[in-house]
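Close look at the chain arrangement
Residues per chain, in single letters:
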There are 2 protein chains.
Amino acid sequence: MTVMETTATGTDTCAGPPQQNRRPDGQDRYTISEVVALTGLTAHTLRWYERIGLMPHIDRSHTGQRRYTNRDLDWLDLVGKLRLTGMPVADMVRYAELVREGDHTYVERFELLKTTREDVLARIDELRGTLAVLDRKISFYADAGRALASERSR
Amino acid sequence: MTVMETTATGTDTCAGPPQQNRRPDGQDRYTISEVVALTGLTAHTLRWYERIGLMPHIDRSHTGQRRYTNRDLDWLDLVGKLRLTGMPVADMVRYAELVREGDHTYVERFELLKTTREDVLARIDELRGTLAVLDRKISFYADAGRALASERSR
DNA sequence: CGCTTGCTTGGAGTGCACTCCAAGGTTCTA
DNA sequence: TAGAACCTTGGAGTGCACTCCAAGCAAGCG
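Let me begin by describing the structure that accompanies this report. (Residues numbered from 1 in each chain as written. Chains lettered and ligands numbered in written order. Predicted model: local features only at pLDDT ≥ 70, side-chain atom pairs only at ≥ 80, totals over all residues. Heavy atoms only, no water.)

Notes on the packing of aromatic side chains
- Evaluated as defined, the whole model comprises 10 aromatic pairs over all chains.
- Between Phe110 of chain A and Tyr141 of chain B, the aromatic rings sit 6.5 Å apart at their centres with planes inclined by 20°, giving stacked as the arrangement. Of the two residues, Phe110 of chain A is situated in helix α5 (residues 106–153) and Tyr141 of chain B in helix α5 (residues 106–153); the pairing between them involves two chains.
- Tyr141 of chain B sits in the buried class, given a relative accessible area of 0%.
- Both rings, one in Trp75 of chain B and one in Tyr95 of chain B, keep their centres 6.1 Å apart while their planes meet at 5°; by these two values the pair is stacked. Of the two residues, Trp75 of chain B sits in helix α3 (residues 70–84) while Tyr95 of chain B sits in helix α4 (residues 89–101), which places them 20 residues apart along the sequence. Considered together, Trp75 of chain B and Tyr95 of chain B belong to a single accessibility category, that of buried residues.
- Its end group placed over the ring of Phe110 of chain A, Lys114 of chain A keeps NZ or CZ at 4.3 Å from the ring centre. (Phe/Tyr/Trp six-rings, centres within 6.5 Å; stacked < 30°, edge-to-face > 60°. Helix = DSSP H or I, 4+ residues; strand = E, 2+ residues; numbered from the N terminus. Buried < 20%, exposed > 50% of the residue type's maximum accessible area, 1.4 Å probe, protein only. Lys NZ or Arg CZ within 6 Å of the ring centre and 35° of its normal.)

Here's what the structure looks like:
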């Protein structure tokens, strides 16, 4: 059996919620500017991701222009999510390498995902702590505001 | 009345949970290396915070060495929390300026805190979305792992 | 006293994640 | 078939948040 999540290639994307504005598989050849519109990334950033190995080598038209597939968009979605967690780009590149290397890296990928999951949980907890501090300060300011208002009306 | 949260100075800290390893008010004069130990920041960063206006001017010993107070530590705690939210240092400097400018900036501070609160909530939501994606992939990998194991045992 | 360790300053350097540039080829619309 | 809009590359530049450096003063100890 194979550990790949999709059949044909070495990419690693498992079907999430269906994406908007996509063309059906088979006619999925997007120019870089279409991908810019779909992802919110800049063309610069897309080329840079490819250069540093965060993307697989993107398919080209007969004249050398990039043609992205639905699979590439899925990968970019995952990268976007991981970026939100604060994961360094270098770590994402590492993950991309593992995917390219094939099935035998599957345990390492699994561990990496679990570690990332723990990081995200910790991050959410930190933010909840910060939220508590903010709420305390906000209610202080609200009280101070009410006190000022009642003083003014006296 | 005054909108200051503490009596004597223009700092802006409302009593959170009591802090560990602090000296009682009145004997609160910490060297920079003590503050390093208490906050986890580097001395470089502490001096830099002061230079860019993120800290009030720190009290000095008769020979010009910094002596931090409990109030300074409270402020650093708040800065630490805000930093966790991803708030740019420039925005924190802006908040510090508002505090220094006095009571008449209180509405603006209030708004800034509320905006930050919304940002934190949005950030937590993003992270929850990422968590869902990670969990989906993790359970995929776990299933693949079980499949491999049962194949091996056949 | 000498020694070590700690603190001071302004300014320069670092690492990350983009972001932009110049010069030229490609694709689309009129 | 002309013009506008889009795409290509390697390499250089940017902004942020630190991070470090050199040169020198300060403090505690035997």
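Section: the protein's contact with DNA strand C
- Near DNA strand C, the surroundings consist of 18 residues, among which His44 and Thr63 of chain A together with Ser33, Arg47 and Arg66 of chain B are the closest.
- Protein-proximal atoms of DNA strand C, defined as those within 4 Å of the protein, fall in sugar or phosphate at a share of 75%.
- At a separation of 2.6 Å, a phosphate oxygen of DNA strand C approaches a polar side-chain atom of Thr63 of chain A.
- The side chain of Arg83 of chain A places a nitrogen or oxygen atom 3.4 Å from a phosphate oxygen of DNA strand C. (Near = heavy atom within 4 Å. Polar contact = N/O pair within 3.5 Å; in protein donor to acceptor, adjacent residues only side chain to side chain.)

Section: the nonpolar core
- Of all hydrophobic cores here, the largest spans 71 residues; its most connected members are Tyr68, Trp75 and Leu76 of chain A together with Tyr68, Trp75, Leu76 and Tyr95 of chain B.
- It is α5 of chain B that contributes the most residues to this core, 13 residues altogether.
- Ignoring anything within four residues of it in the chain, the contact list for Tyr68 of chain B reads Asp28, Arg29, Tyr30, Thr31, Ile32, Val35, Leu46, Glu50, Met55 and Ile58 of chain B. (Core = buried A, V, L, I, M, F, W, Y, C linked by side-chain atoms within 4.5 Å. Contact = heavy atoms within 4.5 Å.)

Observations concerning the pattern of salt bridges
Residues and elements named next belong to chain A.
- Taken as a whole, this structure holds 25 salt bridges over all chains when the rule is applied.
- Linking Arg22 and Asp77 is a salt bridge whose minimum nitrogen-to-oxygen distance equals 3.2 Å. Taken together, the residues span a long stretch of sequence, with Arg22 in the segment before α1 (32–39) and Asp77 in helix α3 (residues 70–84) at a distance of 55 residues.
- Here Glu34 and Arg23 are joined by a salt bridge, their closest N and O atoms 3.2 Å apart. Of this pair, Glu34 sits in helix α1 while Arg23 sits in the segment before α1, and the two are 11 residues apart along the sequence. (Salt bridge = Lys/Arg side-chain N within 4 Å of Asp/Glu carboxyl O.)

A closer look at the environment of Val93 of chain A
All names here are of chain A.
- Secondary-structure assignment places Val93 in helix α4 (residues 89–101).
- Judged by its relative accessible area of 11%, Val93 is buried.
- Between the C-alpha atoms of Val93 and Ile52, which are 41 residues apart in sequence, the distance is 7.5 Å.
- Not counting the four nearest positions on each side in its chain, Val93 is found in contact with Ile52, Gly53 and Leu54.

Focus on helix α2 (residues 43–51) of chain B
Residues and elements named next belong to chain B.
- For α2, every residue scored as buried is listed here: Leu46, Tyr49 and Glu50. Seen from one end, α2 has its buried residues packed into an arc of 100°, which puts them on one side. Of the exposed residues in α2, the ones pointing more than 90 degrees away from its buried face are His44 and Arg51.
- Those residues of α2 that are buried are in contact with α1 (32–39) and α3.
- Immediately downstream of α2, the backbone of Gly53 shows phi near 90°, a positive value. (Arc of directions from axis to C-beta.)

Considerations on α4 of chain B
All names here are of chain B.
- Helix length check: α4 (13 residues) gives 18 Å between terminal C-alpha atoms against 18 Å at 1.5 Å per residue, within 8%.
- Among the residues of α4, those classed as buried are Met92, Val93, Tyr95, Ala96, Leu98 and Val99.
- Gly102 occupies a position one or two residues after α4 and carries a positive phi of about 105°. (Expected span 1.5 Å × (residues − 1).)

Thoughts on the protein's contact with DNA strand D
- The full set close to DNA strand D counts 19 residues, and Ser33, Arg47, Arg60 and Arg66 of chain A together with His44 of chain B are the nearest of them.
- Looking at DNA strand D alone, sugar and phosphate atoms form 77% of those within 4 Å of the protein.
- Take Arg83 of chain B: an N or O atom from its side chain is 3.4 Å from a phosphate oxygen of DNA strand D.
- The backbone of Val89 of chain B places a nitrogen or oxygen atom 3.3 Å from a phosphate oxygen of DNA strand D.
- For the surface near DNA strand D, the elements supplying multiple residues, two or more each, are α1 and α2 (43–51) of chain A together with α2 of chain B.
- Considering every element that reaches the surface near DNA strand D, the biggest residue donor is α2 of chain B, with four residues.
- By residue class, the composition of the surface near DNA strand D is five nonpolar, nine polar and five charged. (Nonpolar A, V, L, I, M, F, W, Y, C, P; charged D, E, K, R; others polar.)

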